[in-house]
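Here is how the chains run, residue by residue.
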Amino acid sequence: MKTTSPKTPDLTRRSFLQRGGIAAALAAGIGPYLRLTPSAFANAGPATPFRFTPFTRPLPIPGRLAPAVLNPAPGSSAAAVGSPGVYHGIAPEYNPSHSFNKASWVLNDPETGRPFAEKRHTLNFRRGTAQILPNVNTPILGYNGSTPGPTIRARLGEPMVIRTKNELADTETSLHLHGGHTPSHADGHPCFYVFPNQQRDYFYPHIAPKVNGVQDVTEAPSTMWYHDHGNDVTAHNVTQGMAGFCLLTDTLEENFIKNRYLPDVDLRDSAGKLMLTPAGATQQGLYDIPLAFTDQRLNADGSIHWDPMDHDGRLGDLFTVNGVTQPFLNVEPRKYRFRLLGCSPARHYVMRLSNGQTMQQFGNDSWLLPKAITTSQIYLNPARRADIVVDFSKLAGKTIYLENIMQQTSGRKADGIDPKNPVKIIKFNVGKTVNKAYPDFSLPTGTIRPHTNIAESEATVTRYFDFNRSNGAWQINGEFYSAYRCDAQIRKGAVEKWVLRNSSGGWWHPIHIHVESHQVLRVNGKAPSDPFQFKSDHTQLEANTTAEILMKFRTFDGPFVFHCHNNNHEDMRMMKQMEICGVNPATGATNPPHLNGQWFSVPPEICGVPTDYIKKHPGLFS
Ligand SMILES: [Cu+2]
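Residues numbered from 1 in each chain as written. Predicted model: local features only at pLDDT ≥ 70, side-chain atom pairs only at ≥ 80, totals over all residues.

### Observations regarding the overall build of the protein chain
Alright, step 1. The helix and strand tally for the protein chain stands at 7 helices and 36 strands.
Alright, step 2. Expressed as a percentage of its 622 residues, the buried residues of the protein chain come to 49%.
Alright, step 3. Taking the contacts inside the protein chain whose residues are at least 6 apart along the sequence as the reference set, 75% of them involve residues at least 24 apart. (Helix = DSSP H or I, 4+ residues; strand = E, 2+ residues; numbered from the N terminus. Buried ≥ 20, exposed ≤ 12 C-beta atoms within 10 Å, placed from the backbone. Contact = placed C-beta atoms within 7 Å.)

### Things to note about the sheet that holds strand 13 (residues 318-321)
Within a beta sheet, neighbouring strands are joined by backbone hydrogen bonds and run either parallel or antiparallel to one another.
Alright, step 1. The sheet built from 7 strands is open, its strands ordered 14-13-12-16-21-18-19 with mixed pairing. The open sheet has two free edges, formed respectively by strand 14 (324-325) and strand 19 (367-375), since each of these has just one partner strand. (Pairing = 2+ DSSP bridges.)

### Things to note about the confidence of the model for the protein chain
Alright, step 1. Confidence along the protein chain averages 86 in pLDDT terms, with 89% of residues attaining 70 or more.
Alright, step 2. Low confidence marks residues 21-43, where pLDDT is under 50. Its contacts with residues over four positions away, or in another chain, come to 29 contacts.
Alright, step 3. Confidence drops under a pLDDT of 50 for residues 272-284, and excluding neighbours within four residues, the segment shows 21 contacts in the predicted structure. (pLDDT = per-residue confidence, 0-100.)

### Brief notes about unusual backbone geometry
Alright, step 1. Across the junction of Thr147 and Pro148, the peptide omega takes the value -10°, indicating a cis bond.
Alright, step 2. Mapped onto the elements, Pro148 comes out in the loop between strand 3 (136-143) and strand 4 (152-155).
Alright, step 3. The omega torsion across Asp530 and Pro531 is 0°, close enough to zero to call that bond cis.
Alright, step 4. On the secondary structure map, Pro531 appears in the loop between strand 31 (518-523) and strand 32 (535-536).
Alright, step 5. Not every positive phi belongs to a glycine, and His206 is a case in point at roughly 45°.
Alright, step 6. Here His206 lies in the loop between strand 7 (199-204) and strand 8 (210-211).
Alright, step 7. Residue Asn524 is not a glycine yet carries a positive backbone phi of 50°.
Alright, step 8. Relative to the assigned elements, Asn524 resides in the loop between strand 31 and strand 32.
Alright, step 9. We classify Asn524 as exposed; it has 11 C-beta atoms within 10 Å.

### Some points on the nonpolar core
Alright, step 1. Cys246, Phe293, Leu340, Ile378, Leu380 and Ile388 are the most contacted members of the largest nonpolar core, which totals 111 residues.
Alright, step 2. Considering each element in turn, this core owes the most residues, 5 residues, to strand 11 (residues 243-249).
Alright, step 3. Two domains each put at least three residues into this core: domain 1 (77-127 + 140-263) and domain 2 (456-621).
Alright, step 4. Each residue touching Ile378, except ones within four places of it in the same chain, is listed here: Leu340, Met351, Met359, Gln361, Ala386 and Ile388.
Alright, step 5. By size, the runner-up hydrophobic cluster in this structure holds 12 residues, among which are Cys191, Tyr193, Val194 and Leu620. (Core = buried A, V, L, I, M, F, W, Y, C linked by C-beta atoms within 7 Å. Domains from an automatic or database assignment.)

### Considering the pairing of strand 34 (residues 545-552)
Alright, step 1. Inspection of the sheet shows strand 29 (residues 495-502) paired to strand 34 by 8 bridges, in the antiparallel sense. When the bridges of strand 34 are listed, Val499 appears paired with Glu548.
Alright, step 2. Strand direction decides the pairing type here: strand 31 and strand 34, joined by 4 bridges, are antiparallel. Its bridge partner being in strand 34, Val520 is matched across the sheet by Ile549.

### Some words on the sheet that holds strand 32
Alright, step 1. Taking strand neighbours across the sheet as the criterion, the 6 strands line up as 27-26-29-34-31-32 in an open arrangement whose pairing is mixed. Two strands lie at the open edges of the sheet, namely strand 27 (473-476) and strand 32, each paired on one side alone.
Alright, step 2. Pairing between strand 26 (residues 461-470) and strand 29: 6 bridges, direction parallel. For Val461, the partnering residue across the bridge sits in strand 29 and is Glu496.

### Quick notes on the environment of Leu395
Alright, step 1. Residue placement: Leu395 occurs in the loop between strand 21 (385-391) and strand 22 (399-404).
Alright, step 2. Overall, Leu395 belongs to the buried group, with 20 C-beta atoms counted inside 10 Å.
Alright, step 3. Note: C-alpha distance between Leu395 and Pro333 (62 residues apart in sequence) is 6.2 Å.

### Re the environment of Leu262
Alright, step 1. In this structure, Leu262 sits in the loop between helix 4 (251-258) and strand 12 (288-296).
Alright, step 2. Separated by 127 residues in sequence, Leu262 and Val389 place their C-alpha atoms 9.3 Å apart.
Alright, step 3. Beyond its immediate stretch of four places on either side in the chain, Leu262 contacts Glu253, Phe256, Ile257, Arg337 and Phe441.

### A closer look at the pairing of strand 25 (residues 423-430)
Alright, step 1. As paired strands, strand 15 (residues 328-331) and strand 25 are joined by 4 bridges and run parallel to one another. Residue pairing in the sheet places Leu329 in a bridge with Phe428 of strand 25.
Alright, step 2. In this structure, strand 22 lies alongside strand 25, joined through 6 bridges in antiparallel fashion. Bridge pairing in strand 25 links Thr399 to Asn429.

### What to know about the environment of Lys119
Alright, step 1. Residue position: Lys119 is located in strand 1 (residues 119-122).
Alright, step 2. Remark: the alpha-carbon pair of Lys119 and Glu158, spanning 39 residues in sequence, is separated by 7.2 Å.
Alright, step 3. Sequence-distant contacts of Lys119, defined by excluding residues within four places in its chain, comprise Pro67, Glu158 and Met160.

Laid out in structure tokens, this is it:
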């Protein structure tokens, strides 16, 4: 079958905004707008033109990202900003005089008693081919050529460097570790680019800050994911495949595994073969499986359908799990941990088991919950994760499905739940025997991950953000996103209360805030129900909704963003930039911001983008 490469997002969105919106686009009628047709504004259009039989292919489980030797070494002069080796430079934390030098927070490996060594990987932005449908070759944008990308395994207190190379000749990229607590330069700020054929080192300390001298494990993430975050091109790049899992453990979670409260994490090499477990572990992981859900739509040539002028939110008509449409998974009659990820740019899901059985949910977004809850429905909006346990032990020899009962016909919002019209997403074939080499597990009945409540009275600043629509695109407080404007200067260490408002009746906005978890205080005046009252990295703003949230800005300073995670809305500029400013310990005064939107003068060590590049390409940073 003939295939074509994923097209560059052609910067239509960027041009669109720079020229002033829909009216200007229609008036222009030339250049990139030649692609525009009236039907392009709707989600309507040709359906995927292939027939196939669902549940005939096994669920793929992404391989684990293998360690790599990096040359030049991170932090060496050859890897400095502007060098040809790693053009975008290296983390300031390598500088021994940096106030947050990495030696100050690395934890001891409980196995050896010595500080964790730095873990190093390469993860390149690369084209590949996938079979989203059987016997249809689909060109994709992937990480190391695959989608989902390889699963990154990380450990609290173990520093990690990921060297990326952008092998995509025609689009800039940025790598965001979603749900991570990451320094600004490595957070995937949409304008901290990796340009074509250039490299960038992302430095992840995986820090657990100390509170009163004790390592605070309450914020240690468990299920993170990574995805592209390039300015204006996120929806395109994620739709074309640029997403993967990053699973982190800490002593608390490792003890749960050792004591059979949780199964071992899945350890496979990049070819999907099971790896030997690390020293000290007693078994290999077979019962901890990540599931990334997305909806896809293919053109007649097998390529992924993409409409650059779809502002509503991109919907597909194929339901995929880990990149394959409606796969099956053979399971044993026992318990499994599944990490669910809503990976679609705009689709909302409500998942249930087809036999009506309940599930235990013990994690929401990156964080394990204080206590497991029993539920028959799991809600996944764009970017949300849910950590669940499904018990197949009474189903030997049977077949059940995970199915979606949320109906959605427009990218603007979901239509609502219809329990009578489920779409089966994944089939579980339950075998008759259990592999007794691997003992069963059972979630703790007591506390899982403790939750430190932020009291409303701790907040020293209240900010209001209105999510609105203007001129056919998306705004916050009446403004389109601009990297040249700092929308909130925040004092490091402060607790802030944010009021997020969506006064529209017709649109839903899942709002994602980088760098720190937040705690949802009230939605439309009422405390949220489980599991949404603990830690989240995004809050769903349905129609006519006001959410009050609390956040503590603990560790890192520098510029970060927050935005709608309907990726189309995000690219159409429903995003804002905040800058966290450190505090001078001698005077107690708040330091001036590094960037404050002043891209032309910022030193490249801050963002890794040389000033002369910004001057030559101002449109990329607008
Ligand atoms: Cu939105």
